Amino acid sequence: MSTTEITSWAVDLSTVGPIYPFVGTEMLWFVLGLVFWIGFHIWQIRFEKQTYDDDMAHMKRPELFERALKQHRLD
């Protein structure tokens, strides 16, 4: 299957021109990937902090503390 006139890779690629789509948009894709990566980590940190705070609020109930001391499950 060929989408260009290239039938062999034994050519000087500098004379062929672009060999992949969206040539020239590499920096845009890098910046978008970087923003997504940093945004994901910020979201993950906030989500884990909220989950941790909820768990700690749940575990501070006196009856659960007593059950934990008696080695019962705290579901």
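What you see is a predicted model; the values in this text were computed from it and never measured.

Caption draft 1: Looking closely at the overall build of the protein. Across its full length, the protein carries three helices and zero strands. Seen in sequence order, the protein has helices and strands lined up from the N terminus as α-α-α. The burial tally for the protein puts 1% of its 75 residues in the buried class.

Caption draft 2: Spatial organisation of the pattern of salt bridges. Here the structure, examined in full by the defined rule, presents two salt bridges. Its salt-bridge partner being D53, residue K49 comes within 2.9 Å of it at the nearest N-O pair. Of this pair, K49 and D53 are both found in helix α2 (residues 26–59), four residues apart, which corresponds to roughly one turn of the helix. Residue classification places D53 among the partly exposed positions, given a relative accessible area of 32%. In this structure, the salt-bridge partner of E63 is R61, at a minimum N-O distance of 2.8 Å.

Caption draft 3: Spotlight on the packing of aromatic side chains. The final tally for this structure, using the stated rule, is two aromatic pairs. Between the aromatic rings of F40 and W43, the centroid separation amounts to 6.1 Å while the plane-to-plane angle is 35°, which identifies the pairing as tilted. One end of the pair is F40 and the other is W43, both in helix α2 and three residues apart, which spans about a single turn. On the numbers, 5.4 Å between centres and 15° between planes, the contact of W43 with F47 is stacked. One end of the pair is W43 and the other is F47, both in helix α2 and four residues apart, which spans about a single turn.

Caption draft 4: Representation of unusual backbone geometry. Positive phi values are uncommon outside glycine, yet F22 reaches one of about 60°. Inspection of the secondary structure puts F22 in the loop between α1 (13–16) and α2.

Reading the values: the criteria
- Residues numbered from 1 in each chain as written.
- Predicted model: local features only at pLDDT ≥ 70, side-chain atom pairs only at ≥ 80, totals over all residues.
- Heavy atoms only, no water.
- Helix = DSSP H or I, 4+ residues; strand = E, 2+ residues; numbered from the N terminus.
- Buried < 20%, exposed > 50% of the residue type's maximum accessible area, 1.4 Å probe, protein only.
- Salt bridge = Lys/Arg side-chain N within 4 Å of Asp/Glu carboxyl O.
- Phe/Tyr/Trp six-rings, centres within 6.5 Å; stacked < 30°, edge-to-face > 60°.

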